[in-house]
Amino acid sequence: TNNFNLSALTLASTYNGNPEIIKKLLSYYSPSEKEVLWAFILLLSENSSSEYSRIAKIDCFIQKSVPLNSFYNGKTPLMYACQYNNSTNVTQNTFDSLGYWNKRIEFDEEFKNEIDWLLDDGILPVGIPSTVADFSAMPPKILRQGAITL
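None of the values given here were measured: they were computed from a predicted structure.

The rules behind each value
- Residues numbered from 1 in each chain as written.
- Predicted model: local features only at pLDDT ≥ 70, side-chain atom pairs only at ≥ 80, totals over all residues.
- Heavy atoms only, no water.
- Phe/Tyr/Trp six-rings, centres within 6.5 Å; stacked < 30°, edge-to-face > 60°.
- Helix = DSSP H or I, 4+ residues; strand = E, 2+ residues; numbered from the N terminus.
- Lys NZ or Arg CZ within 6 Å of the ring centre and 35° of its normal.
- Core = buried A, V, L, I, M, F, W, Y, C linked by side-chain atoms within 4.5 Å.
- Buried < 20%, exposed > 50% of the residue type's maximum accessible area, 1.4 Å probe, protein only.
- Contact = heavy atoms within 4.5 Å.
- Axes fitted to C-alpha atoms, helices over the stretch in contact; angles between N-to-C directions.
- Parallel < 35°, antiparallel > 145°, perpendicular 65-115°, else oblique.
- Left-handed = near helix turned anticlockwise from the far one by under 90°.

*Asks:* Even after reading the chapter, I still don't get the packing of aromatic side chains, so can you show me in this structure?
*Replies:* Here a ring pair, both rings aromatic, is described through the centre-centre distance and the interplanar angle of the planes. Counted by the stated rule, this structure contains three aromatic pairs. A centroid spacing of 5.0 Å and a plane angle of 25° characterise the contact between Phe40 and Phe61, whose relative ring orientation is stacked. Taken as a pair, Phe40 in helix H3 (residues 34-45) and Phe61 in helix H4 (residues 51-63) lie far apart in primary sequence, 21 residues in all. For Lys75, the ring lying beneath its charged end belongs to Tyr80, and the centroid distance is 5.3 Å.

*Asks:* How should the nonpolar core be read in this particular structure?
*Replies:* As a rule of thumb, nonpolar side chains are buried together in soluble globular proteins. Within the largest apolar cluster, 21 residues are counted, with the highest numbers of intra-cluster contacts made by Leu9, Leu26, Phe40 and Phe61. Mapped by element, the contributors of at least two residues to this core are helix H1 (8-15), helix H2 (19-26), H3, H4 and helix H5 (77-84). No other element matches H3, which puts seven residues into this core. If near-sequence neighbours (up to four positions away) are discounted, Phe40 is found in contact with Ile58, Phe61, Ile62, Val66, Leu68 and Pro77.

*Asks:* So what exactly am I meant to see when it comes to the packing of H4 against helix H6 (residues 88-96) here?
*Replies:* Between two packed helices, what matters for the description is the angle formed by their axes and the separation of those axes. For the pair H4 and H6, the least separation of the axes is 9 Å and the interaxial angle reads 20°. By the angle class used here, H4 and H6 are roughly parallel. For the pair H4 and H6, the crossing hand works out as right-handed. Across from Glu51, Arg54, Ile55, Ile58 and Asp59 in H4, the residues of H6 making contact are Asn89, Val90, Asn93 and Thr94.

Pasting the structure below:
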């Protein structure tokens, strides 16, 4: 850390354009460390570097298996990305990298233009509904509160 109490990983994830430096710094951390999650959230929220650079750095965190459904101050990294990132390409790439967690699905004609994404986090306990949110505006609007709070 430095005088601002920021780690090299935090600084590199937001101000550095070289993903190789991110890979090297990530090798000193375990994926579940809070510092890694914080650096990842800052990266997903920053908008000053190029899309290409941000996507390459995000891929470093994804390859490190940083948990994308862990909460940090009440939100997951994906919630931060949807709320603060100004690039749909960066957010789209983050969703696409999730493979098993993210499902692009075909809906009945009635809903085709209504639902863009379904995030499947497994089977919920009986009696607890899923959360439904509208991310078409910021901040997101909760349409139905369920097991996951936003």
